[in-house]
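# Commentary on secondary and tertiary structure
Residue strings, one per chain:
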Amino acid sequence: MNQASIPAMKSALFNRQPDDKPFLIAGPCSAETEEQVLETCQRLAATGKVQALRAGIWKPRTKPGGFEGVGTRGLPWLKRASELTGLPTAVEVATAKHVEDCLAFGIDILWVGARTTGNPFSVQEIASALRGVDVPVLVKNPIHPELELWVGAVERLQKAGVPQIGLIHRGFSSYGNTDFRNAPMWHLPIEMRRRLPGLPLLCDPSHICGRRDTLAAVAQQALNLGFDGNMLESHIDPDNAWSDAKQQITPEVLRALIQDLVWRHEPTHEQEFLSALTGLREQINQLDAEMMQLLGRRMAVAEKIGHYKKENDLTILQTNRWNEVLERAQRQGASVGLTQEFVEQYLAAVHLESINRQNKVMES
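Procedures and definitions
- Residues numbered from 1 in each chain as written.
- Predicted model: local features only at pLDDT ≥ 70, side-chain atom pairs only at ≥ 80, totals over all residues.
- Heavy atoms only, no water.
- Axes fitted to C-alpha atoms, helices over the stretch in contact; angles between N-to-C directions.
- Helix = DSSP H or I, 4+ residues; strand = E, 2+ residues; numbered from the N terminus.
- Parallel < 35°, antiparallel > 145°, perpendicular 65-115°, else oblique.
- Left-handed = near helix turned anticlockwise from the far one by under 90°.
- Contact = heavy atoms within 4.5 Å.
- Phe/Tyr/Trp six-rings, centres within 6.5 Å; stacked < 30°, edge-to-face > 60°.
- Buried < 20%, exposed > 50% of the residue type's maximum accessible area, 1.4 Å probe, protein only.
- Pairing = 2+ DSSP bridges.
- Salt bridge = Lys/Arg side-chain N within 4 Å of Asp/Glu carboxyl O.

## Concerning the packing of helix H7 (residues 147-159) against helix H8 (residues 187-195)
Axis separation between H7 and H8 bottoms out at 11 Å; the angle between their running directions is 40°. Relative to H8, the element H7 lies oblique. Along this stretch, H7 crosses H8, giving a crossing that reads as right-handed. The segment H7 lies against H8, with Leu 147, Glu 148, Trp 150 and Val 151 engaging Leu 188, Pro 189, Glu 191, Met 192 and Arg 195.

What follows is the structure in structure tokens.
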């Protein structure tokens, strides 16, 4: 590939058109050896599906003694991979020194990792190091489901004058979660897109899943939700990778995975399509309005119950009554196709609002 195409390719994520195909960043979780990096990157380029190459150079580990990356000596390997493939490269940075080293070796795209996003001091250090530098920066969500930390990291980079900023959704730590390494909590990246509509949004199925067999489903879900693409980890010998072996796939498996994904375009301007969609959306609007009215009436009744409890010295929480409400709602929900998880989450929110209102009555 022509090296002159790199600037255009790395900016493609930030200048997307309605018909642009999803953007894919791929590469090994960690750069291990020069041979491993070059072979992986060349095989990824040969798939024709990858727009940028990635590799972990510095690896934050929970405990000391684990493989923490090859460090700066791995950056020339990525530079060489870029020269051989004509693809831009992307690296995670966590300190100002990381930024300086990446810039010195011509790394094209930087990203801020989840552990770093959650630390405003670290984000500010990176932002200050990038002041006056024209390099794209992607920001992963923080480990914990705290949207303001994610927004704050973006704002620090914006104030430093970083011209191109994007988002990466890699899932969130969740107590009791067993299906995913990091729970997707899709409503949070959706809310980020609502708040920051001009920023491109990628999904990182590798870190959400933590295993190979569910990568395709999560990558497809991201595209279904209108994400701009995915970041996936790929290794020439996944089972023997030095880090995160279970979530990596070979370049050839990655090619098949991407080939099988269904890409759904943004809404078109065809009048028939728009008319049908407008009608269905209006039905949703009407149903939402009716539900808000019903919820308002429900809360008014809850307040009346609060007055009765106050007058008769009763506690707000009546456990047997709550169990009764929950069991009945689950039966009713199942009869109309609602999942038990949704019914529980919905009722928990309604119940909390009822308790808050009754508590105000008690304190009045």
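## Side note on the packing of aromatic side chains
A complete count under the given rule lists 4 aromatic pairs for this structure. Ring centres 5.3 Å apart and planes at 90° place the aromatic pair Phe 67 and Trp 242 in the edge-to-face group. One end of the pair, Phe 67, is in the loop between strand E2 (52-54) and helix H3 (75-85); the other, Trp 242, is in the loop between strand E8 (229-233) and helix H11 (251-260), with 175 residues separating them in the sequence. By relative accessible area, Trp 242 is classed as partly exposed at 46%.

## Let's talk about the pairing of strand E1 (residues 23-27)
With 5 of 5 residues buried, E1 lies mostly within the body of the structure. Residues Phe 23, Ile 25 and Gly 27 line one face of E1 and the alternating positions Leu 24 and Ala 26 line the opposite face, and both faces are buried. Pairing analysis gives 5 bridges linking E1 to E8, with the strands arranged parallel. Bridge pairing in E8 links Ile 25 to Met 231. Examined bridge by bridge, E1 and E2 share 2 bridges and lie parallel to one another. Residue pairing for E2: Ile 25 is matched across the bridge by Ala 52.

## Remarks on the sheet that holds strand E6 (residues 165-169)
Pairing in this closed barrel of 8 strands is parallel, and the strands run E1-E2-E3-E4-E5-E6-E7-E8 around the ring. When the angles between neighbouring strand axes are averaged without regard to direction, this sheet yields 30°. Sheet topology places E2 next to strand E3 (residues 89-93); 2 bridges connect them, and they run parallel. Residue Arg 54 lies in a different strand from E3, and its bridge partner there is Ala 90. Each of E2 and E3 is contacted by H3, which is oriented at about 160° to E3, the strand it contacts most.

## Concerning the pattern of salt bridges
The tally for this structure, following the rule as stated, stands at 18 salt bridges. A salt bridge links Arg 54 to Glu 233; its shortest N-O distance comes to 3.7 Å. With Arg 54 in strand E2 and Glu 233 in strand E8, this residue pair connects regions lying 179 residues apart in the sequence. Residue Arg 54 shares its accessibility class with Glu 233, and that shared class is buried. For Arg 357, the salt bridge goes to Glu 353, with nearest N and O atoms at 3.0 Å. Of the two residues, Arg 357 and Glu 353 both sit in helix H14 (residues 340-363), 4 residues apart, roughly one turn of that helix. By relative accessible area, Arg 357 is classed as partly exposed at 29%. Here the salt bridges share partners, and the residues they tie into one network are Glu 148, Glu 191, Arg 194 and Arg 195.

Keep in mind these numbers describe shape, not what the thing actually does.
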